[in-house]
Amino acid sequence: MQTGAGSLLIFLMLGLAGSAAPAHFGFRVLAFRQQLDRAYAFAPDTQDGGWGYSWWLMRWKHRIHADPSLNFFGGIAAGSGWLALIGSAGVLLLIALQ
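In this text, all values refer to a predicted model and were calculated from it rather than measured experimentally. (Residues numbered from 1 in each chain as written. Predicted model: local features only at pLDDT ≥ 70, side-chain atom pairs only at ≥ 80, totals over all residues. Heavy atoms only, no water.)

Student: Is there a simple way to explain helix α3 (residues 68-97) in this structure?
Tutor: One turn of an α-helix holds 3.6 residues; hence residues three or four places apart share an orientation. The first and last C-alpha atoms of α3 sit 43 Å apart over 30 residues, in line with the 44 Å expected at 1.5 Å per residue. The opening residue of α3, the one whose side-chain oxygen lies 2.9 Å from the backbone nitrogen of S69, is D67. (Helix = DSSP H or I, 4+ residues; strand = E, 2+ residues; numbered from the N terminus. Expected span 1.5 Å × (residues − 1). Polar contact = N/O pair within 3.5 Å; in protein donor to acceptor, adjacent residues only side chain to side chain.)

What follows is the structure in structure tokens.
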């Protein structure tokens, strides 16, 4: 892979992970706060709002509560989390290939 093309691809993937990751974490905080405010039960090992909660959101499990605000915050967190994961994996792959 040429250096210019490889650098462009890495830049694009970093942009993907760089914008999706902050969105994921920000909306994860909003989803967590909404779940606390509405007193919805947490899945096991997600009460701390950490990585387990991220994974729970990324599997769209928040929809069981049928709360429009939680669905909005959790949905954006889930989609952004998957984009950040794909973008990060892409960056690591492209760096390994260079």
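Student: Quick question: what am I supposed to make of the packing of aromatic side chains here?
Tutor: Remark: the centre distance and the inter-plane angle together describe each pair of aromatic rings, the angle taken between the planes. Summed over the entire model, instances satisfying the criterion amount to nine aromatic pairs. With 5.3 Å between their ring centres and 80° between their planes, F32 and Y53 make a pair best called edge-to-face. With F32 in helix α1 (residues 3-37) and Y53 in helix α2 (residues 51-58), this residue pair connects regions lying 21 residues apart in the sequence. Like Y53, F32 is buried. On the basis of an interplanar angle of 65° and a centroid distance of 5.7 Å, the ring pair of F72 and F73 is categorised as edge-to-face. Of the residues examined, F72 reaches a relative accessible area of 48% and is grouped as partly exposed. Clustering of aromatic rings is evident, with ring pairs tying together F32, F42, Y53 and W56. (Phe/Tyr/Trp six-rings, centres within 6.5 Å; stacked < 30°, edge-to-face > 60°. Buried < 20%, exposed > 50% of the residue type's maximum accessible area, 1.4 Å probe, protein only.)

Student: What's the story with the packing of α2 against α3 in this structure? I'm lost.
Tutor: Packing of α2 against α3 leaves a shortest axis separation of 8 Å and a crossing angle of 100°. Taken together, the axes of α2 and α3 are roughly perpendicular relative to one another. Contacts from Y53, W55, L57 and M58 in α2 reach L70, G74, A77, A78, G81, W82 and L85 in α3. Its residues placed into classes, the contact of α2 with α3 shows nine nonpolar, two polar and no charged. (Axes fitted to C-alpha atoms, helices over the stretch in contact; angles between N-to-C directions. Parallel < 35°, antiparallel > 145°, perpendicular 65-115°, else oblique. Contact = heavy atoms within 4.5 Å. Nonpolar A, V, L, I, M, F, W, Y, C, P; charged D, E, K, R; others polar.)

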